[in-house]
Amino acid sequence: MRIGLMVGSDKERSRAERLAGLIADGVAAESAGFTTFWMPQVPGYLDAMTAVALIGQATERIEIGTAVVPIQTRHPMIMAQQALTTQVACGGRFTLGIGPSHHWIVNGQLGLPYDRPARLMSDYLDVLEAAFAGPGTVDVDNESYCVHAPVDVTDPFETPVLLSALGPTMLRLAGERAGGTVLWMADERAIGDHIVPRISAAAGRAGKPAPRIVAGVPVALCSNDETDDARAYAGEVLGHADFSPNYVRLLEHGDAEDVGDTMAAGDESAILTRLRRYRDAGATDLAARIVPLGNDATERTKSRLRTQEFLSSLCSAL
């Protein structure tokens, strides 16, 4: 299992320091030996692909990906244009993670329709696939898009695409038409019993390689008697499932009731045991979302660094 880091909005840094700090985090992740570095598109925060492009310029080896960018906010031709530009900036190390997001973001915050998201994703992929095929004209007419436009960003450059696939239809699309899935709030049983069989079968039917299954997992190194508090805190800072019916339906396939239940928390042995369970369930990649613990910024920084150092030591063990 490849070991990577997933970051989120950074409330510890001032707004003026956030972008430079994020780039420094990417450089530090590469230096520590992590394989991947993932950034979500957080509402109202730094733009993920812009930040990824800058991290790509500051690093040399680490894969950098979005986890994930909502498709409704960018026309697929604009997404392709930005993704190809980002791929050039990253020297071929960029992975585009996209998804249909959630109704409370797309409709509630942005006032955009949230109808038939899986159908929209299928139509969206028609355009992306054509745009990523190389310089030339993209000609796509489907239910959602009528595109007849040029693409002339770079020579053909493979840009892997992962989907935030939680339900059966999205998992089929991720297996048949993308390189795999980026997950959040999926515990071991949901991955092993729900995600892996569906996405693998779809990839097999399409004659594609085994899909990547990137498990986003909160992690906190702490004493074992602090585990319950750590899980409760993760639920507060990372958001509750009941805001998003997509996550509620996913949780029904596993044992977790909320994001805190998916967390690898406790001492070194407890974390290693939990992460091995994710690996054995079928996760090919870990996107560790470190949850720093402490009463103030200094304590939380020390907690984050301790957890990151321990995760770095596992890069060869998992």
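Residue positions are given per chain, counting from 1 as you read along its sequence in written order. Reporting of local features is limited, given that this is a predicted model, to residues whose pLDDT is at least 70; pairs of side-chain atoms are given and counted only at 80 or more, and all residues count toward the totals for whole chains, interfaces and linings. Think of the side-chain values as coming from all heavy atoms in the structure, minus any hydrogens and water.

1. Comments concerning the packing of helix H2 (residues 48-58) against helix H3 (residues 76-89)
How two helices pack is summed up by the angle between their axes together with the distance between the axes. Axes, fitted as lines to C-alpha atoms, cover a helix only where it is in contact. Angles between the N-to-C directions of the axes lie from 0 to 180 degrees. Strands here mean DSSP runs of E at least two residues long; helices mean DSSP runs of H or I at least four residues long; both are numbered from the N terminus. Two elements in contact, H2 and H3, have axes whose closest approach is 8 Å; the angle formed by their N-to-C orientations is 15°. Compared by their axis directions, H2 and H3 come out roughly parallel. H2 and H3 meet at a crossing whose hand is left-handed. Contact residues: Met49, Thr50, Val52, Ala53, Gly56 and Gln57 in H2; Met79, Gln82, Ala83, Thr86 and Ala89 in H3. Relative orientations are named as follows: roughly parallel for angles under 35 degrees, roughly antiparallel for angles over 145 degrees, roughly perpendicular for angles from 65 to 115 degrees, and oblique for any other angle. Crossing handedness follows the turn of the near helix against the far one: under a right angle anticlockwise gives a left-handed crossing, and clockwise gives a right-handed one. What makes two residues a contact is simply this: any of their non-hydrogen atoms within 4.5 Å.

2. Remarks on a negative patch on the surface
Candidates for patches are residues over 30% relative accessible area with no salt bridge; among them, like charges are joined within 9 Å and nonpolar side chains (Val, Leu, Ile, Met, Phe, Trp, Tyr) within 5 Å. Surface accessibility in these figures is a Shrake-Rupley result with a 1.4 Å probe; residues are shielded only by whichever protein chains are displayed. Within this document, salt bridges are pairs made up of a side-chain nitrogen of Lys or Arg and a carboxyl oxygen of Asp or Glu, the two lying within 4 Å of each other. The charge count treats Lys and Arg as positive and Asp and Glu as negative. His and the chain ends do not count. A charge is said to be at NZ when it belongs to Lys, at CZ for Arg, at CG for Asp and at CD for Glu. A grouping of Asp225, Glu226, Asp228 and Asp229 is seen on the molecular surface, where their side chains present a negatively charged patch. Its place among the elements puts Asp228 in helix H8 (residues 227-238).

3. Looking at the nonpolar core
Residues belong to one nonpolar core when they are buried, are Ala, Val, Leu, Ile, Met, Phe, Trp, Tyr or Cys, and are joined through side-chain atoms within 4.5 Å. A simple rule labels every residue: compare its accessible area, found with a 1.4 Å probe on the protein chains alone, to the largest value its type can have, and call it buried under 20%, exposed over 50%, or partly exposed in between. One finds Leu96, Ile98 and Leu163 to be the most contacted residues of the largest nonpolar core, which totals 101 residues. The biggest single contributor to this core is helix H5 (residues 117-132), with 8 residues. Ignoring sequence-local partners within four residues, the contact set of Leu163 consists of Ile98, Met121, Leu125, Met170, Leu173, Ala174, Ala178, Gly180, Thr181 and Val182.

4. Points about the pattern of salt bridges
Enumeration according to the criterion identifies 18 salt bridges in this entry. The residue Arg205 makes a salt bridge to Glu176 at a minimum N-O spacing of 3.9 Å. In this pair, Arg205 sits in helix H7 (residues 188-205) while Glu176 sits in helix H6 (residues 168-177), placing the two residues 29 residues apart along the sequence.

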